[in-house]
Amino acid sequence: MPQHDVLVIGAGLAGQRAALAAAETGASVGVISKVHPVRSHSNAAAGGINAALDPEDSWESHAFDTVKGSDYLGDQDAIEVMCREAPDEVLRLEHLGVTFHRSDEGKLGTRAFGGASAARTYYVADITGQALLHVLYEQLMKHDEVTRYEEWFTTALARDDSGRLAGAVTRNIRDGSLELFTAKAVILATGGNGQIFNPTTNALICTGDGIAMAYRAGAPLMDMEMVQYHPTTLAGIGLLITEGARGEGAHLLNAEGERFMENYAPNKMELASRDVVSRAEQTEINEGRGFPDGTVALDITVVPRHRILQSLREIVNVGRDFAGVDITSEPIHIKPGNHYVMGGIKTDIDGQTDVPGLYAAGECACVSVHGGNRLGANSLLDTLIFGRRSGVHAAQMGRGMAQPTPAGSELAREREAIQSIISRDRSGRRLSEIKAEMGKVMDEQVSVFRDEERLRGALEVVKRLQEEVKTVAVDDKGSVFNQDVLGALELQFMLDNAECIVMGAIERKESRGAQFRTDFPERNDDEWLKHINLTADGDIPAVSYSDVTMTQWEPEERTY
Ligand SMILES: Cc1cc2nc3c(=O)[nH]c(=O)nc-3n(C[C@H](O)[C@H](O)[C@H](O)COP(=O)(O)OP(=O)(O)OC[C@H]3O[C@@H](n4cnc5c(N)ncnc54)[C@H](O)[C@@H]3O)c2cc1C
């Protein structure tokens, strides 16, 4: 039975940062990842990371932009922590070896990003996530306190007799063996859940596993209705064209060649918040001013060619390989597409959830710093700040504590559940069919514009799919690298996530941030300036509310 002081599940930026921080206090740390750590989705982050480092800029300005971007649903105490600590964190990563872009004078160079009142996004070309992730991985390898479990898949959390978190049941993907890990604290850093939607910018591994496991273990989920549609993704396949393109000056055009953002956000234009830009694009498309393929155009040719080749080189490749377009000489067709979940496991500013011993950080968590809408380049920051804080807190909390004993029943239950998937004969639908139906209904009915009737329709489909997944059989009956069986477990996790997203969206009867209800088109601070929390409770999640923490910024009308 592997034992650690701190067990981190997930080895993207949040998990690696948490592990490093915990190890630096001398704690023994186990890091579990279902893929090799540097293949985590953080690796795909392109545009950059925000910090108010410039003497002309201030953390208060960064915090206000974040509060406004969140449509006043973000908790201002948490946002203050993130923005205050951002400069030191970015410098720390730079000192560890991240080769951030530098200006001609040799100073750290920034690019503009959406919803920001100053250019405060630090970047490494358009591979910022990769640069950060590889540097952190090198650091982890230096620490003897850290044991890495690469290609291990956690299926459930384990508690002791008092209900405290005590470990996790995890399958070694290589040979199919199942182990019960014990730890004084468990940090979930399992990333987002974009795969619920089809298409999405998210990698195949972003299946909301940790969000579902925490929910099943009794932790409340918060703001789950808040799902970000990114304004510039390729139609059909969902690949991301980084916001860095608009940061460098690219224009959005409708089929009539009009720079339509003038009508929606005359001051910030293409660099308004993502929710605002996505709604503007979808309105153009719905009202017949888009292209026949249901898109509008992103014109990057207005950016000098040498600059594109220097700082947007990955999307030059994406445009050529996936759309057959040379972005240096012609506009590329794009549309809003699923990208990020603002909601997740409810935590405090040290990553603690409502279940003793359980922490969460990164995209699976909801602190809440993003509220109704996340600003571009604030997520990498969130993963590092709250990853570090969780790691430190979890290690300190466990100091002097005896190793807990999980109740034991979880291991037997998980073994049985997996065995029953493997031994089942094919009778019902295929996994891939269920996943496709879920992805389609979520994209069609739970996306940029929502209403009660279509949300209820989506909930009905999700509930039916939850039943159908119980009889799904897999083709691979073996134990070595059985991805089929993992796919079945992931699909169950995804359906839990989908149910909570739809439930939250039905519950919130107003329009705020990424949630736009055509049947309740106004923001309604009197009734809905509050978080929606969902807790597992039999057949449907139980709904409760919590206050939004305000420090210095009163809600105002939000225009860009
Ligand atoms: C294409 C793209 C571009 C982006 N660009 C930017 C950007 O420029 N700036 C920005 O701020 N944000 C950006 N984002 C968002 C940001 O990258 C993510 O929100 C962030 O990297 C998430 O980090 P994480 O550590 O929480 O999770 P991830 O990096 O997704 O890592 C999750 C980890 O959990 C592990 N895991 C999951 N489930 C299990 C399980 N059951 N058992 C074991 N291990 C498990 C995985 O193996 C992985 O190691 C982008 C996102 C995408 C998709």
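Coordinates for the structure precede this section.
Residue numbers restart at each chain and count upward from 1, following the sequence in its written direction. Reporting of local features is limited, given that this is a predicted model, to residues whose pLDDT is at least 70; pairs of side-chain atoms are given and counted only at 80 or more, and all residues count toward the totals for whole chains, interfaces and linings. Water and hydrogen atoms play no part in the side-chain values, which are based on all heavy atoms of the structure.

1. Re the pairing of strand β2 (residues 29-33)
As a reminder of what qualifies: Accessibility here uses a 1.4 Å probe with only protein chains present; expressed as a share of the type maximum, an area under 20% marks a residue as buried, one over 50% as exposed, and anything in between as partly exposed. A run of DSSP states H or I qualifies as a helix once it reaches four residues; a run of E qualifies as a strand once it reaches two. Both are numbered from the N-terminal end. We call a crossover right-handed when, viewed with both strands directed away from the observer, the connection leading from the first strand over the helix to the second proceeds clockwise. For two strands to be treated as a pair, DSSP must find at least two bridges joining them.
Burial runs high along β2: five of the five residues are buried. Judged by which residues are buried, β2 turns out to be covered on both faces: Val29, Val31 and Ser33 on one side and Gly30 and Ile32 on the other are all buried. Regarding the hand of the β-α-β motif, the stretch spanning strand β1 (residues 3-9), helix α1 (residues 13-24) and β2 is right-handed. Pairing of β2 with strand β6 (residues 146-150), which is carried by five bridges, proceeds in the parallel orientation. In the strand pairing of β6, Val29 is matched with Val146.

2. Structural notes on the site of the ligand
Condition: Near, as used in this document, describes a residue that has one of its heavy atoms within 4 Å of the molecule or strand being considered. In the analysis that follows, any N or O atom pair within 3.5 Å is treated as a polar contact, provided that within protein one partner can donate a hydrogen and the other can accept it, and provided that, for residues neighboring in sequence, both atoms belong to side chains. Values of accessible area rely on a 1.4 Å probe in the Shrake-Rupley scheme; residue burial ignores everything except the protein chains shown. Under this grouping Gly is polar, as are all residues other than the nonpolar Ala, Val, Leu, Ile, Met, Phe, Trp, Tyr, Cys and Pro and the charged Asp, Glu, Lys and Arg.
Lining the immediate environment of the ligand, one finds 38 residues, of which Ser40, His41, Ser42, Gly47 and Glu363 sit closest. Leu13 places a main-chain nitrogen or oxygen 3.2 Å from an oxygen atom of the ligand. In isolation the ligand exposes 1000 Å². Once the protein is present, 98% of that is buried. Of the residues in the shell around the ligand, the class split is 16 nonpolar, 18 polar and four charged.

3. Quick notes on helix α10 (residues 379-398)
Quick reminder of the rule: Helix span is expected to be 1.5 Å times the residue number reduced by one.
Its 20 residues place the ends of α10 28 Å apart at the C-alpha level, agreeing with the 28 Å of an ideal helix rising 1.5 Å per residue. Gly400 occupies a position one or two residues after α10 and carries a positive phi of about 85°.

4. Comments concerning the sheet that holds strand β12 (residues 251-253)
Counted only if it meets this: Axis definition: a line fitted to C-alpha atoms, limited for helices to the stretch in contact. Angles are taken between N-to-C directions and run from 0 to 180 degrees.
On the basis of which strands lie adjacent, the open sheet formed by four strands has the order β11-β14-β13-β12 and antiparallel pairing. If you trace the sheet from one side to the other, it starts and ends with β11 (227-233) and β12, each paired once. Ignoring strand direction, the axes of neighbouring strands in this sheet form an average angle of 45°. Of the strand pairs in this sheet, strand β13 (residues 296-299) and strand β14 (residues 332-341) are connected by three bridges, and their pairing is antiparallel. From the neighbouring strand, Ala297 faces β14, where its bridge partner is His333.

5. Points about the pattern of salt bridges
Which entries qualify depends on this criterion: Basic side-chain nitrogens of Lys or Arg form a salt bridge, by our definition, when they fall within 4 Å of a carboxyl oxygen of Asp or Glu.
All chains considered together, the criterion is met by 48 salt bridges. Put simply, Asp71, Glu225, Asp275, Arg279, Arg508, Glu510, Arg512, Arg523, Asp525 and Arg558 are held in one network by salt bridges that share partners.

6. Quick word on the packing of helix α11 (residues 409-423) against helix α14 (residues 483-507)
Here is the rule: The hand of a helix crossing depends on one turn: near helix anticlockwise from the far one by less than a right angle means left-handed, and clockwise means right-handed. Two residues qualify as a contact provided that any one of their heavy atoms is within 4.5 Å of a heavy atom in the partner residue.
It is at 10 Å that the axes of α11 and α14 come closest, and there the two elements cross at 115°. Judged by the twist between their axes, the crossing of α11 over α14 is right-handed. Here Ile418, Ile421 and Ile422 of α11 come into contact with α14, specifically with Val485, Ala488, Leu489 and Gln492. Its residues assigned to classes, the contact of α11 with α14 comprises six nonpolar, one polar and no charged.

7. Considering unusual backbone geometry
Residue Pro199 is reached from Asn198 by a cis peptide bond, and omega for that bond is 5°. Note on placement: Pro199 falls in the loop between β9 (178-188) and α5 (209-216). In this chain, Val367 is followed by Ser368 through a cis amide linkage whose omega measures 5°. Mapped onto the elements, Ser368 comes out in the loop between β17 (365-366) and α10. Residue Ala377 is not a glycine yet carries a positive backbone phi of 75°. The class of Ala377 is buried, set by a relative accessible area of 5%. A positive phi angle is found at Phe481, which is not glycine, with a value near 45°. You can see Phe481 is positioned in the loop between α13 (452-468) and α14. Residue Phe481 is classed as partly exposed on the basis of its relative accessible area, which comes to 37%.

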